[in-house]
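Chain and residue survey
So the chains spell out like this:
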Amino acid sequence: MSSLVRDHLDPGASISVLDIGSYDVNGSYRSLFTPPGWRYTGVDLAEGPGVDVVLTSPYKFPFASGSQDLVISGQAFEHVEYFWLTFLEMLRVLKPGGMIFLIAPSRGPEHRFPQDCWRFYPDGYRALAKFGDCDLLQVSTDWEPHQDPDSGQWGDTVGVFRKRPEGARSRMSRLLISLGLALRPVAAEVS
């Protein structure tokens, strides 16, 4: 996450940061977002260290549409049963042109908290970008085991997504996608 912050954010800018899955189990991203003008809010499903707002659902955030400059999530998506719905909600609260920094495991042992449902690869992030009608600016997976024996079994897929400026078609497409529908071109009738 620190390299994403360094490579994509201006420390002199004023930004709002929403961290999805911020409960501090073995570390927190909060310390990366301390420059003046940066407002960090950690959300999770349970009260605890690193959590500013407790959610009642991973699929509905108590924030206005288009209210956040950056939404981050690290090591949480594998625990969300319907992560694609959470991703759409992340896009909903994101301002047009805003970014999502998403880190999720590509490998590793089961670690139920309270469940462990998924592992992610670059094609999965490409599919999320397509599903959410947003741009995938970068994606990578660390395929090689880490040298640290405690971390060797783990690998991550890291992605940076950007919400497109919304026009009428994009808003309608996002609404239809959230309803499980999609805009499809209508073929001209042949007589």
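See the structure printed just above.
Residues numbered from 1 in each chain as written. Predicted model: local features only at pLDDT ≥ 70, side-chain atom pairs only at ≥ 80, totals over all residues. Heavy atoms only, no water.

Overview of the side chain of T157
Here is the rule: The secondary structure listing takes helices from DSSP runs of H or I that are at least 4 residues long and strands from runs of E that are at least 2 residues long, numbered from the N terminus. Type-normalised accessible area, obtained with a 1.4 Å probe on protein chains alone, sets the label of each residue: buried when under 20%, exposed when over 50%, and partly exposed for intermediate values. Two N or O atoms form a polar contact when they lie within 3.5 Å of each other; inside protein one atom must be a possible hydrogen donor and the other a possible acceptor, and for residues adjacent in sequence the pair counts only when both atoms belong to side chains. Contact definition: two residues touch when any of their heavy atoms are within 4.5 Å.
Examined against the element boundaries, T157 turns out to sit in strand β7 (residues 155-162). Residue class for T157 comes out buried when judged on its relative accessible area of 0%. Only 2.7 Å separates the side chain of T157 from the side chain of T141, close enough to count as a polar contact. Discounting residues that sit within four places of it in the chain, T157 has contacts with L102, I103, A104, S106, F120, Y121, P122, Y125, V139, S140 and T141.

Re the sheet that holds strand β5 (residues 94-107)
Here is the rule we go by: Whether two strands pair comes down to DSSP finding at least two bridges between them. To get an axis, fit a line to the C-alpha atoms, keeping to the stretch in contact for a helix; angles then go from 0 to 180 degrees between the N-to-C directions.
Ordered by their spatial adjacency, seven strands build an open sheet running β3-β2-β1-β4-β5-β7-β6, and the pairing between neighbours is mixed. At either end of the open sheet lies a strand with only one pairing partner, and these are β3 (53-54) and β6 (135-141). Sitting on the sheet, helix α2 (residues 83-93) touches β1 (15-20), β4 (68-74), β5 and β7, and the angle it makes with β5 is about 150°.

Here we look at the nonpolar core
Spelled out, the test is: Nonpolar core, defined: a set of buried Ala, Val, Leu, Ile, Met, Phe, Trp, Tyr and Cys residues in which side-chain atoms within 4.5 Å join the residues together.
Counting 25 residues, the largest nonpolar core has L18, F61, V71, F77, F87, I100 and F161 as the members making the most contacts within it. Breaking this core down by element, the ones donating at least two residues are β1, α2, β5 and α3 (122-132). Per element, the largest residue contribution to this core is six residues, and it comes from α2. Apart from the residues within four sequence positions on either side, V71 is in contact with L18, I20, M90, V93, L94, M99, I100 and F101. Within the second largest apolar cluster, 17 residues are counted, among which are V17, F101, V158 and V160.

Considerations on the packing of α2 against α3
Keep this limit in mind: By definition in this entry, angles of less than 35 degrees are roughly parallel, angles greater than 145 are roughly antiparallel, angles of 65 to 115 are roughly perpendicular, and the rest are oblique. In this scheme the handedness of a crossing depends on how the near helix is turned from the far one: anticlockwise by less than a right angle means left-handed, clockwise means right-handed. Under the scheme applied, nonpolar residues are Ala, Val, Leu, Ile, Met, Phe, Trp, Tyr, Cys and Pro; charged residues are Asp, Glu, Lys and Arg; polar residues are all the others, including Gly.
With their axes 10 Å apart at the nearest point, α2 and α3 run at an angle of 55° to one another. Judged by the inter-axis angle, α2 sits oblique to α3. Considering the relative orientation of α2 and α3, their crossing is right-handed. Mapping the contact onto sequence places F83, W84, F87, L88 and L91 in α2 and L128, F131 and G132 in α3. Residue composition of the contact of α2 with α3, grouped by class: seven nonpolar, one polar and no charged.

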